[in-house]
Structures are given as C-alpha cells and as structure tokens.
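Okay, here's what each chain looks like letter by letter:
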Amino acid sequence: MSRLLLLDFDGTITQHDTLDALISLAIAHSTSSPTPPSQRESDPEPGNEGAAQQTRTQEDLTTVWQAIVADYITACEAHRASYRPATHQRTSIEQELEFLESWEPVERASVARVSAAGFFRGLGGVGGREGEGSQDEEKGAQGAGMLMRLGREAALAASGAGSGSDPARGAESLGERITVELRKGFGELMARAGAAGWEAAVVSVNWSDEFIRGVMQAGCDSYRGGGASSKSSGDGWPGKVLANTVRLPEGQILGPQELGGEPLVTAGDKLRAMRWLIKDREEAPKVIYVGDSTTDLACLVEADLGIVIAGDRESKLLKTTERVQLQVPHVAEADEGSRFVWARDFEEVLRSGVLERIGGPP
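Rules of the game
- Residues numbered from 1 in each chain as written.
- Predicted model: local features only at pLDDT ≥ 70, side-chain atom pairs only at ≥ 80, totals over all residues.
- Heavy atoms only, no water.
- Helix = DSSP H or I, 4+ residues; strand = E, 2+ residues; numbered from the N terminus.
- Contact = heavy atoms within 4.5 Å.
- Areas by Shrake-Rupley, 256 points an atom, 1.4 Å probe, with all protein chains shown as cover.
- Phe/Tyr/Trp six-rings, centres within 6.5 Å; stacked < 30°, edge-to-face > 60°.
- Buried < 20%, exposed > 50% of the residue type's maximum accessible area, 1.4 Å probe, protein only.
- Lys NZ or Arg CZ within 6 Å of the ring centre and 35° of its normal.
- Core = buried A, V, L, I, M, F, W, Y, C linked by side-chain atoms within 4.5 Å.
- Pairing = 2+ DSSP bridges.
- Axes fitted to C-alpha atoms, helices over the stretch in contact; angles between N-to-C directions.
- Lys, Arg positive; Asp, Glu negative; His and termini not counted.
- Salt bridge = Lys/Arg side-chain N within 4 Å of Asp/Glu carboxyl O.
- Polar contact = N/O pair within 3.5 Å; in protein donor to acceptor, adjacent residues only side chain to side chain.
- Arc of directions from axis to C-beta.
- Expected span 1.5 Å × (residues − 1).
- 1 Å grid on protein atoms, 1.4 Å probe; cavity = no way out; pocket = protein on both sides within 12 Å on 5 of 7 lines; lining within 4 Å.
- Points joined across faces, edges and corners; volume = space filled by probe spheres on them.
- Nonpolar A, V, L, I, M, F, W, Y, C, P; charged D, E, K, R; others polar.
- pLDDT = per-residue confidence, 0-100.

1. Considerations on the overall build of the protein chain
Moving on, step 1. Scanning the protein chain from terminus to terminus reveals 11 helices and eight strands.
Moving on, step 2. Partitioning the intrachain contacts of the protein chain with sequence separation of at least 6 by distance along the chain shows that 68% fall at a separation of at least 24.
Moving on, step 3. For the protein chain, the accessible surface area stands at approximately 16,000 Å², while carbon and sulfur atoms represent 48% of it.

2. A look at the packing of aromatic side chains
Moving on, step 1. Using the criterion set out here, one finds five aromatic pairs in the structure.
Moving on, step 2. For the pair Trp 65 and Trp 207, a centre-to-centre distance of 6.0 Å together with 85° between the ring planes defines the contact as edge-to-face. Within this pair, whereas Trp 65 is found in helix H2 (residues 58–82), its partner Trp 207 is found in the loop between strand S2 (199–203) and helix H7 (209–224), the two being separated by 142 residues in sequence.
Moving on, step 3. Judged by its relative accessible area of 7%, Trp 207 falls in the buried class.
Moving on, step 4. Here the aromatic rings of Phe 186 and Phe 346 are separated by 6.0 Å at their centres, their planes lie at 55°, and the arrangement is tilted. Residue Phe 186 is found in helix H6 (residues 186–195), and its partner Phe 346 is found in helix H11 (residues 346–352); the two are separated by 160 residues along the sequence.
Moving on, step 5. Counting every residue linked through ring pairs, the aromatic cluster contains Trp 65, Phe 119 and Trp 207.
Moving on, step 6. Here the guanidinium or amino end of Arg 90 rests over the ring plane of Phe 99, the centre of that ring lying 3.6 Å away.

3. Concerning the nonpolar core
Buried together is how nonpolar side chains tend to be arranged in soluble globular proteins.
Moving on, step 1. Counting residues in hydrophobic clusters, the biggest one holds 62 residues, and the most contacted among them are Leu 5, Val 114, Phe 119, Phe 120, Trp 207, Ile 307 and Leu 355.
Moving on, step 2. Broken down by element, the residue count for this core peaks at seven residues, all from helix H1 (residues 19–29).
Moving on, step 3. Apart from the residues within four sequence positions on either side, Trp 207 is in contact with Leu 19, Leu 22, Ile 23, Trp 65, Val 111, Val 114, Asn 244, Thr 245, Val 246 and Ile 253.

4. Structural notes on the sheet that holds strand S6 (residues 286–291)
Moving on, step 1. Within the open sheet, the six strands sit side by side as S3-S2-S1-S6-S7-S8. Their pairing is parallel. The two strands at the open ends of the sheet, each matched to only one other strand, are strand S3 (240–242) and strand S8 (340–343). Across the sheet, the mean angle separating the axes of adjacent strands is 20° when strand polarity is ignored.
Moving on, step 2. Direction of pairing for strand S7 (residues 305–309) relative to S8: parallel, over a ladder of four bridges. Across the sheet, the residue bridging to Gly 306 is Phe 340, located in S8.
Moving on, step 3. Strands strand S1 (3–7), S2, S3 and S6 of the sheet are contacted by helix H8 (residues 267–278), whose axis makes an angle of about 150° with S3.

5. With respect to the side chain of Glu 107
Moving on, step 1. Here Glu 107 lies in helix H4 (residues 104–117).
Moving on, step 2. One buried charged residue, Glu 107, forms no salt bridge at all, with the nearest opposite charge on Arg 80 at 7.9 Å.
Moving on, step 3. A polar atom in the side chain of Glu 107 sits 2.6 Å from the side chain of Tyr 72.
Moving on, step 4. Apart from the residues lying within four places of it in its own chain, the contact partners of Glu 107 are Tyr 72 and Val 265.

6. Digging into helix H3 (residues 93–101)
Within an α-helix, residues lying three or four positions from one another point in the same direction, as the helix has 3.6 residues per turn.
Moving on, step 1. The complete set of buried residues in H3 reads Ile 93, Glu 96, Phe 99 and Leu 100. Down the axis of H3, the sector holding all buried residues measures 120°, keeping them to one side. More than 90 degrees from the buried face of H3, the exposed residues found are Glu 94 and Glu 98.
Moving on, step 2. In the core, the buried residues of H3 are packed alongside H8, helix H9 (297–302) and helix H10 (316–323).

7. Quick look at H2
Moving on, step 1. Helix length check: H2 (25 residues) gives 36 Å between terminal C-alpha atoms against 36 Å at 1.5 Å per residue, within 8%.
Moving on, step 2. Among all positions of H2, only Gln 58, Leu 61, Val 64, Trp 65, Ile 68, Cys 76 and His 79 are buried.
Moving on, step 3. Close packing links the buried residues of H2 with H1 and H4.

8. Quick word on unusual backbone geometry
As a rule of thumb, non-glycine residues mostly have phi less than zero, and peptide bonds are mostly trans rather than cis.
Moving on, step 1. Following Arg 84, the chain continues into Pro 85 via a peptide bond in cis, with omega recorded as 5°.
Moving on, step 2. Structurally, Pro 85 can be placed in the loop between H2 and H3.
Moving on, step 3. The backbone phi angle of Asp 280 is positive, close to 60°, even though this residue is not glycine.
Moving on, step 4. Secondary-structure assignment places Asp 280 in the loop between H8 and S6.
Moving on, step 5. For Asp 280, a relative accessible area of 74% gives the class exposed.
Moving on, step 6. Positive phi outside glycine occurs at Gln 325, with the angle close to 70°.
Moving on, step 7. On the secondary structure map, Gln 325 appears in the loop between H10 and S8.

9. Some thoughts on the layout of surface pockets
Moving on, step 1. Estimates place the volume of the largest pocket at around 1,100 Å³.
Moving on, step 2. Lining of the largest pocket is provided by 43 residues; of these, Asp 17, Tyr 72, Glu 107, Ser 293 and Thr 295 occupy positions nearest its centre.
Moving on, step 3. Elements supplying a minimum of two residues to the lining of the largest pocket: H1, H2, H3, H4, H8 and H10.
Moving on, step 4. Counting residues per element, the lining of the largest pocket draws most heavily on H2, at seven residues.
Moving on, step 5. Taken together, the residues of the lining of the largest pocket sort by class into 20 nonpolar, 11 polar and 12 charged.

10. Here's the deal with the confidence of the model for the protein chain
In low-pLDDT regions, the fine details of the predicted coordinates are not to be read closely.
Moving on, step 1. This prediction gives the protein chain a mean pLDDT of 85; 78% of its residues lie at or above 70.
Moving on, step 2. Scored below 50 in pLDDT, residues 31–43 makes 31 contacts in the model with residues more than four places away or belonging to other chains.

Put into structure tokens, the structure is as follows:
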C-alpha cells in the first residue's frame, strides 16, 4: 500500500506564519513604474485598497497592509464573540468543524482586500495593453518566478546560506531583513520519505503556491548540501502544492484550478484538497497529515495518522483537541493505537518511530 505524506505549510513546515513576510517581500520588490489606466482602482478606502496614484511607495503599501491586518483582527474578534455555541460550549468535533466553516465570509473578505490592494501587481511588471495577452503571460511568468525566488532566498537567509543576490535584502528598507525559518528536521524527513517511496504534498491556505515551492526547495536543497547556491538543483521539491496562487500581472489571489479556482480559506477547503489528492486511485493510500492550526483539524481527523506540530501543550490546536475530547499524546508517549500525536518538530517525529507503524520511513 502506498503512503501519502501531506503537510500544512505556515507554522508546520515553517516556524511561524509567513503571510507577513510574503507581503513585505512583495512590497519591497514591487515595481515603481506607473500603473497603467486599465489597472488603476479607486482611492485606498476600507474594503477598496487599490491605489489611484500612478506610483506607490513602500510606505504607502505597508500602511495599507497594516490597516488590512488591523481590520482582520477586529473582524475575527467580532465573529468569535458572536458565534454560538461559544467556545466553552463546543465539546464535540462536529461542533468545532461547523464553527471553523463559519469563518469563510471573514476569510474571503480579507483575501479580496489583499487582492484589491495590489501588493503583488508590480512583481509581474506593468501589464500590456489590450490585445497584448502574450506580453501579460510573459510578465506573469516572470512574477511567479520572482515569488519562488523570494521564498527560496528568504529560507536560505534564515539558515545563513543565502546567495549574494539575496532578495531578502531588498526588504531591509522596511526595517529588517526578512527571513523564513524552517522546522528542525524538515529536510531529513523529506529525504527519508523520498527514499522510502512516499508521495508528498503540501495543502495550504497561504496566498502563493510559488512562494511555498521556493521555501520547500531551499529546505530540501539545504539538507542535500546545495543551500548556498543561488539556483536550485532542480529536484529540491518534487511534490504537489495545493494552495492559493497569485495571478500575475494583476496580482489577484485565486484558488487552485484543480478545485475550481475559489481561494482556499477554511478547514473544509483543505479537506477538499486532501480528498482531491486521494481520489481516483486504484488503491487508497495510507495518509499521514501534519499540521499546526485549527484549519488543519478536519484533515487531521480524516487521516490515518494525524501529527500536530506545536511548541508545547498550550498551543491553540492542542487546547482545541482537548476541549473536543480528542486524545493527542506526545510522540514519545504514544502507543500503537494512537491515531493522533503531537511533536515540537520533525526531528522528534523521526526519533519517535511513529512513522514506522505505517511502513516507514525508517
């Protein structure tokens, strides 16, 4: 029987959420060329952040981003306070999954605002005039390549192996050099899973699949000893990435085409992605799902083995599993019958031997 290793990205493969780093890097590397009339939008008012001015500075875009984050936090607090049953009253997995799906309008509104703000628009250069679709396609490809490069170099910079052309340096004017740190043991896990013949894929609500590929590529190449190179070895990340994508040169955030193109924003969306990866196979694989947040809960529950990544027992996801009466022991304390376990990083997962119960990797 085949094995399918599915991993969340933000906070699972990486130490922390990377959306702020993604936006900050995109802002730092956006073009300062005038925005063509066909792409201009109204003044950046709440809910409509497109800039009318012909050029936008990093400070302008950073202010817009900060406003989006603040409004998102306010919307989250309001939704959480008004939802019933309240947190302490939700004691079953079914109740919690319903609550997680109720976030869809809040999340979709936030994604729409990020798309409208145009943070990614400059990465594809200035769009072509009407009838110049091939030019737009070329600029879109260049922008996607830049997003992958930004992810790769931000991950290499965190490990101290960045190249001389490190794009993370371009964000220093925003106040700091931006990096993306990976969880310990990630490269080793990928190498050992590959050697055992496992299939691997990422399922994420992150806004850029290309950024994810770049980070993954860096993590895998660094483990193989090629991290300091400015170019990938070409086999850095062989797996599938099911996540949102930035359509360039417009800078609009869309969902994966395989799932209809609507942005992935909820736990249910990630479960649909997981099921899509499994469907139409002659034999269903054994599925191992690794995640760190409540948006991973539906996938963790449906997988053959669910692994929670958490800094300690006080993580939001582990407190949630405790409240809905799911037993999730630490990998060092799990028995043969444990369907759910938690670990601080991939090194703990590999040392525990928990993966050997379902056929490796040793």
